[in-house]
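# Residue-level structure breakdown
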Amino acid sequence: MRRTTRMTALVLGLALAVPAWAQTAVELKKELLPKIKKAQADGKDLGVAAKEYEEGDKAMKDGLQEEAVDHFKKAKAAMPADAK
């Protein structure tokens, strides 16, 4: 019984701690927006990065936070090296 209680407490503690270090969709959007705007102003072709950013923005507006995070992470990864 005691072991089960400890294990339950550990699992609950980890479940609550995981979101603490994960970036949210809003944080990722705030990080990417200035970079994308600057790259567009410089005339750089963002291609996939711009498309993924737009998809993430749409998902966020639709309330799909996890999907938005995925799209923003893909956009961040697809940014040209000189635009990062």
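Heads up: the structure comes first, above all this text.
Predicted model only: the values in this text are computed from it and were never measured.

Before going further, it helps to examine the overall build of the chain. Within the chain, the secondary structure is distributed over four helices and zero strands. Listed by position from the N terminus, the elements making up the chain come as α-α-α-α. Sorting the 84 residues of the chain into buried and exposed places 24% on the buried side. Partitioning the contacts of the chain with sequence separation of at least 6, the portion at a separation of at least 24 is 60%. A total of about 6,300 Å² of accessible surface is found on the chain, and carbon and sulfur atoms cover 59% of it.

In this description, a pair of aromatic rings is defined by centroid distance and the angle of the planes. Taken as a whole, this structure holds one aromatic pair when the rule is applied. Measuring from centroid to centroid gives 5.4 Å for Y53 and F72, while their planes differ by 50 degrees, and the two rings are tilted. With Y53 in helix α3 (residues 48–61) and F72 in helix α4 (residues 65–78), the pair connects residues that are 19 residues apart, well separated along the chain. This pair shows no difference in class: Y53 is buried, exactly as F72 is.

Thresholds, definitions, all that
Residues numbered from 1 in each chain as written. Predicted model: local features only at pLDDT ≥ 70, side-chain atom pairs only at ≥ 80, totals over all residues. Heavy atoms only, no water. Helix = DSSP H or I, 4+ residues; strand = E, 2+ residues; numbered from the N terminus. Buried < 20%, exposed > 50% of the residue type's maximum accessible area, 1.4 Å probe, protein only. Contact = heavy atoms within 4.5 Å. Areas by Shrake-Rupley, 256 points an atom, 1.4 Å probe, with all protein chains shown as cover. Phe/Tyr/Trp six-rings, centres within 6.5 Å; stacked < 30°, edge-to-face > 60°.

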